[in-house]
Amino acid sequence: MSLPPAPSPEPGLEIDELEHQALDLLDELRLGAAWIAAQPAQDEVLPAAGDGTGEPGSGLGGGALEAAIVDAGEEPDRVARAEPIVAALLMRLVTEIAAKLIVAAQALAQSESRGELRSDALARVLALLNESPQLSPAIAPAVETTGMILGLDRASIAWAISISLGERADAAAPAELRACSKAIAERLQAAHPGGSGAGSSAIPTALRVFRSAAVAAAGPSIRARLLAAEHTELLPLAAQLVELHRDPAALVAAFDAARATLVQDSGEADEPATDGPKRRFTFVHVILALIVLGLTLWHYLWR
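Residues numbered from 1 in each chain as written. Predicted model: local features only at pLDDT ≥ 70, side-chain atom pairs only at ≥ 80, totals over all residues. Heavy atoms only, no water.

### Looking at the overall build of the chain
Here is step 1 of the chain: When helices and strands are tallied, the chain shows 13 helices and zero strands.
Here is step 2 of the chain: Ordered by position in the sequence, the α and β elements of the chain form the string α-α-α-α-α-α-α-α-α-α-α-α-α.
Here is step 3 of the chain: Looking at the chain alone, contacts between residues at least 24 apart form 71% of all its contacts between residues at least 6 apart.
Here is step 4 of the chain: Surface summary for the chain: the accessible area is close to 16,900 Å², and the carbon and sulfur share equals 57%. (Helix = DSSP H or I, 4+ residues; strand = E, 2+ residues; numbered from the N terminus. Contact = heavy atoms within 4.5 Å. Areas by Shrake-Rupley, 256 points an atom, 1.4 Å probe, with all protein chains shown as cover.)

And the structure:
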């Protein structure tokens, strides 16, 4: 008996304990709007990707925010110390996700589902982000995907920091980078059921592979939900497959093959049983039929 393939290692997103604590703190504080209102102008220097050891940045920037933090039961100094840690963490993670998205978009650009994606433009943008990773949050889908993977509360300070990173990067980004961000966002929208207006059954395989590639660094539950987005009844099957396959193309192919097998088995189960030899009308059946006919006529006509 052949054994099933061993689960591939989960790459995930590497976050150390200090970063976890800082992120949890700022994600629990649903003061994002107050934090944004307290920030200085958007022309500040962006934190460098991977720089997670800096001192606190510009501080909390306003008495109203500090008062709101106190009202929430937290210490403003503790929040101020967490801010640069979370900003550097989010910058690093968004940079990783942006690179993965662009690579996945390059593969999609080779298919008929490319939309406005262009391989040459994507290659130039990828090279630009390798040189200037602080511009990575200008890829808006990377910010959104990172927030989804981390499960950030949209009302939290942590999410507000993500949005701020994106706005500052977008302001400094060249037009080609912003155009690629828009094209990637449009393709991700088209890859979701109802996103293209054509119905879930019309989503091409290439787009479904792109959708899975976008969350390749996510946990199994997120990957399974997106894999089975058109067939939510098969979520348990998807959950099993994401544990076995890391490659998005192989994952989608395995899901489609398993689903086709289930559909075939279901169709065979619905068919009437035809096992055993077929009945044949023999001479004995003719004699019996004549006897029954004769008894019936005798009963109604001559009795």
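### Details of helix α1 (residues 17–28)
Here is step 1 of the chain: Between the first and last C-alpha of α1 there are 16 Å, a value that for 12 residues agrees with the 16 Å anticipated at 1.5 Å per step.
Here is step 2 of the chain: Listing the buried residues of α1 in full gives Glu19, Ala22, Leu23, Leu25, Leu26 and Asp27.
Here is step 3 of the chain: Close packing links the buried residues of α1 with α4 (76–108), α6 (140–150) and α7 (157–172).
Here is step 4 of the chain: One side-chain oxygen at the N-terminal end of α1 lies 3.2 Å from the backbone nitrogen of Leu18; it belongs to Asp16. (Expected span 1.5 Å × (residues − 1). Buried < 20%, exposed > 50% of the residue type's maximum accessible area, 1.4 Å probe, protein only. Polar contact = N/O pair within 3.5 Å; in protein donor to acceptor, adjacent residues only side chain to side chain.)

### Things to note about a negative patch on the surface
Here is step 1 of the chain: Taken together, the side chains of Asp16, Glu17, Asp24 and Glu28 define an acidic patch exposed on the protein surface.
Here is step 2 of the chain: With respect to the element layout, Asp16 can be found in the segment before α1.
Here is step 3 of the chain: Asp16 gets classed as partly exposed once you look at its relative accessible area, which sits at 41%. (Patch = residues over 30% accessible without salt bridge, like charges linked within 9 Å, V, L, I, M, F, W, Y side chains within 5 Å. Salt bridge = Lys/Arg side-chain N within 4 Å of Asp/Glu carboxyl O. Lys, Arg positive; Asp, Glu negative; His and termini not counted. Charge placed at Lys NZ, Arg CZ, Asp CG, Glu CD.)

### Details of the environment of Ala173
Here is step 1 of the chain: Mapped onto the secondary structure, Ala173 falls in the loop between α7 and α8 (175–190).
Here is step 2 of the chain: On a C-alpha basis, the gap between Ala173 and Ser136 in space is 9.0 Å, while along the polypeptide they are 37 residues apart.
Here is step 3 of the chain: Those residues in contact with Ala173, other than ones at most four positions away along the chain, are Leu135, Ala138 and Arg178.

### Looking at the side chain of Ser181
Here is step 1 of the chain: Tracing the backbone through its elements, the reader meets Ser181 in helix α8.
Here is step 2 of the chain: Those residues within four positions of Ser181 in sequence are excluded, and the remaining contacts are Ala138, Ile139, Ala140 and Pro141.

### Focus: the nonpolar core
Here is step 1 of the chain: Ranked by size, the top nonpolar core spans 69 residues in total, and within it Leu26, Ile161 and Ile184 carry the most contacts.
Here is step 2 of the chain: In terms of residue count, the dominant contributor to this core is α4 (17 residues).
Here is step 3 of the chain: Counting 12 residues, the second-largest nonpolar core is a separate cluster that includes Ala224, Leu227, Ala228 and Leu251. (Core = buried A, V, L, I, M, F, W, Y, C linked by side-chain atoms within 4.5 Å.)

### Description of the pattern of salt bridges
Here is step 1 of the chain: Per the counting criterion, the structure on display carries nine salt bridges.
Here is step 2 of the chain: Close ionic contact of Arg78 with Glu74 constitutes a salt bridge, the shortest N to O distance being 2.8 Å.
Here is step 3 of the chain: The salt bridge involving Arg124 is made with Glu176; its shortest N-O contact spans 2.6 Å. Pair noted here: Arg124 is in helix α5 (residues 119–131) and Glu176 is in helix α8, with a separation of 52 residues, a long-range link.
Here is step 4 of the chain: Since its relative accessible area comes to 44%, Arg124 is described here as partly exposed.

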